[in-house]
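What the coordinates show
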Amino acid sequence: MTKVIPLGEDAIEPMLLFVGVVLYGVMANLCYTLGWIIELWSRKADPVAARRRGEWMFRVGLLFSCVLTSLPFWFACVYWIAHRGHAH
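Position labels on residues start from 1 in each chain and follow its written sequence. Only residues with pLDDT of at least 70 are given local features in this predicted model, and only at 80 or more are side-chain atom pairs given and counted; all residues enter the totals for whole chains, interfaces and linings. For side-chain calculations, the full set of non-hydrogen atoms in the structure is used, while hydrogens and water are omitted.

Focus: the overall build of the chain
Helix and strand assignments come from DSSP, with helices taken as H or I runs of at least 4 residues and strands as E runs of at least 2, each series counted from the N terminus. For the chain, the count of helices and strands is two helices and zero strands. Out of the 88 residues belonging to the chain, those deemed buried represent 7%. Counting every atom, the chain has about 7,900 Å² of accessible surface; 74% of that belongs to carbon and sulfur. Relative accessibility decides the category of a residue: with a 1.4 Å probe and only protein chains considered, values under 20% of the type maximum give buried, values over 50% give exposed, and everything between is partly exposed. Surface accessibility in these figures is a Shrake-Rupley result with a 1.4 Å probe; residues are shielded only by whichever protein chains are displayed.

Here it is, written out as structure tokens:
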């Protein structure tokens, strides 16, 4: 990373990193909670459709959360591949 950030400099402010982690946790829990609330609410109209929708929302939400959580890793891989042959 010394190619991008000078030695001794922070890539991101530590306090901003802390706020990001807390915000991520709050948003993840909010989305998880809204999922089962929506499923319970829609069961009143059509229990079978609500079950299918609930399973779909769970799968999509799980995939989205896995991709979002691993995004820094994928960015690092792309950066490494893009700058692999560049030497100072």
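Describing the side chain of Ser42
Mapped onto the fold, Ser42 is located in helix α1 (residues 14–43). By relative accessible area, Ser42 is classed as buried at 12%. Contact definition: two residues touch when any of their heavy atoms are within 4.5 Å. Contacts of Ser42, omitting those with residues within four sequence positions, involve Ala50 and Arg53.

As for the layout of surface pockets
Space inside the largest pocket adds up to approximately 580 Å³. Of the grid points, spaced at 1 Å and generated over the protein atoms alone, those admitting a 1.4 Å probe that cannot get out make up cavities, while open sets with protein on both sides within 12 Å along at least five of seven lines make up pockets; any residue with an atom within 4 Å of a point is treated as lining. Lining of the largest pocket is provided by 17 residues; of these, Ala28, Cys31, Tyr32, Gly61 and Leu62 occupy positions nearest its centre. Elements with a minimum of two residues in the lining of the largest pocket: α1 and α2 (47–82). Looking at which element gives the most residues to the lining of the largest pocket, the answer is α2, with nine residues. Grid points are joined across faces, edges and corners, and a volume is the space filled by probe spheres set on the points.

Brief notes about a nonpolar patch on the surface
The patches reported here contain residues having more than 30% relative accessible area and no salt bridge. Joining distances are 9 Å for like charges and 5 Å for nonpolar side chains (Val, Leu, Ile, Met, Phe, Trp, Tyr). Any Lys or Arg side-chain nitrogen located within 4 Å of an Asp or Glu carboxyl oxygen qualifies as a salt bridge. The grouping of Leu23, Met27, Leu30, Tyr32, Leu34, Trp36, Ile37, Ile38 and Leu40 at the surface amounts to a nonpolar patch, some 870 Å² of accessible area in total. Relative to the helices and strands, Ile37 resides in helix α1.

Nothing here speaks to function; it is geometry throughout.
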